[in-house]
Amino acid sequence: MDALPASVTHALPLRLIDGSGAALNLTAELRYDASDPYAVDAVFHTGEPRGVRWVFARELLSEGLFRPSGEGDVHVSPLVDENGRAIVLIELRSPDGEAVLHAPADGLAQFLQSTYAIVAPGGESDYIDLDLLVDELRRSGGPAL
């Protein structure tokens with residue numbers, strides 16, 4: 001029997017909405033890896049050589065498909081666009097500015113389903129090596145345990 005992949009990557013088309021309401025099409029590369037089971041890594045290809053990187057809680061993206069979710073710098077909410085299509089509104093805030101993104105709900109849902117094939121929701125803690133984490137914290141001079 002073949003082993004499941006340890007990670008999955010998915011290109012997601014987005015619309016970046018500026019302050020005037022104008023939209024710019026761009027792509028985000030979403031990546032999920034079982035070695036960091038709570039997180040989704042997103043690189044937004046904005047024309048910058050390396051793109052803009054954000055890390056989201058997988059659960060936040062999942063909840064945002066169905067209800068407004070998030071606190072602080074990231075908010076995710078379900079919406080219907082002007083053409084009647086289900087989308088997900090992703091609002092990002094940082095000291096450098098704010099971004100409002102529209103993502104197709106079906107594309108985000110497909111990505112999340114592929115992550116669930118790797119690590120089921122609620123099973124993330126099974127993929128955390130606490131002994132290794134404690135050793136790394138001790139070596140890095142992290143908080144005393």
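It should be noted that the structure appears before, not after, this text.
Conventions adopted
- Residues numbered from 1 in each chain as written.
- Predicted model: local features only at pLDDT ≥ 70, side-chain atom pairs only at ≥ 80, totals over all residues.
- Heavy atoms only, no water.
- Helix = DSSP H or I, 4+ residues; strand = E, 2+ residues; numbered from the N terminus.
- Buried < 20%, exposed > 50% of the residue type's maximum accessible area, 1.4 Å probe, protein only.
- Contact = heavy atoms within 4.5 Å.
- Areas by Shrake-Rupley, 256 points an atom, 1.4 Å probe, with all protein chains shown as cover.
- Pairing = 2+ DSSP bridges.
- Axes fitted to C-alpha atoms, helices over the stretch in contact; angles between N-to-C directions.
- Polar contact = N/O pair within 3.5 Å; in protein donor to acceptor, adjacent residues only side chain to side chain.
- Phe/Tyr/Trp six-rings, centres within 6.5 Å; stacked < 30°, edge-to-face > 60°.

A.B. asks: Go over the overall build of the protein with me, naming the residues and quoting the values.
C.D. replies: The helix and strand tally for the protein stands at 3 helices and 7 strands. The order of helices and strands in the protein, counted from the N terminus, is β-β-β-β-α-β-β-β-α-α. With 145 residues in all, the protein has 34% of them scored as buried. For the protein, the proportion of contacts with a sequence separation of at least 24, taken over those separated by at least 6, is 35%. With an accessible surface of roughly 9200 Å², the protein has 53% of that area assigned to carbon and sulfur atoms.

A.B. asks: Talk me through the environment of Ile90; I want residue IDs and the actual numbers.
C.D. replies: Of note, Ile90 is situated in strand β6 (residues 86-94). Placed 26 residues apart in sequence, Ile90 and Gly64 show a C-alpha to C-alpha distance of 8.5 Å.

A.B. asks: Got a sec to walk through the sheet that holds strand β2 (residues 23-33)? Specific residues and values, please.
C.D. replies: The strand order across the open sheet built from 7 strands is β4-β3-β2-β1-β7-β6-β5, with neighbouring strands paired in antiparallel fashion. Strands with a single pairing partner mark the edges of an open sheet, and in this sheet they are β4 (52-57) and β5 (74-80). Strand-to-strand twist across the sheet, computed as the mean angle between neighbouring axes with direction ignored, equals 30 degrees. As defined by bridge partners, β6 adjoins strand β7 (residues 97-104) across 8 bridges and the pair is classed as antiparallel. Bridge pairing in β7 places Ile87 opposite Pro104. Sitting on the sheet, helix α2 (residues 105-118) is in contact with β1 (7-17), β2, β3 (39-45), β6 and β7, with an inclination near 160 degrees to β1.

A.B. asks: Give me the side chain of Thr115: which residues, what numbers.
C.D. replies: Summarising the element assignment, Thr115 is placed in helix α2. Here Leu112 takes part through its backbone oxygen, which lies 2.6 Å from a polar atom of the side chain of Thr115. When neighbours within four sequence positions are excluded, Thr115 is seen to be in contact with Val8, Tyr32 and Arg58.

A.B. asks: Quick rundown of the pairing of β1? Include the residues and the values.
C.D. replies: Here β1 runs beside β2; their pairing, made up of 11 bridges, is antiparallel. Note that in β2 the partner of Leu16 across the bridge is Leu24. Hairpin connection from β1 to β2: 5 residues lie between these consecutive antiparallel strands, with Gly21 at a positive phi of about 95 degrees. The pairing of β1 with β7 spans 3 bridges and is antiparallel. Within β7, the residue paired with Arg15 across the bridge is His102.

A.B. asks: How would you explain the packing of aromatic side chains if you had to name every residue and give the values?
C.D. replies: Going through the model one piece at a time under the given rule, you end up with 2 aromatic pairs. A ring pair is formed by Trp54 and Phe56, whose centres lie 6.5 Å apart and whose planes are at 20 degrees; its orientation type is stacked. Taking the relative accessible area as the measure of exposure, Trp54 reaches 18% and is therefore buried. Here Phe56 falls in the buried class, since its relative accessible area comes to 4%. An aromatic cluster is built from Phe44, Trp54 and Phe56, whose rings are joined through pairwise contacts.

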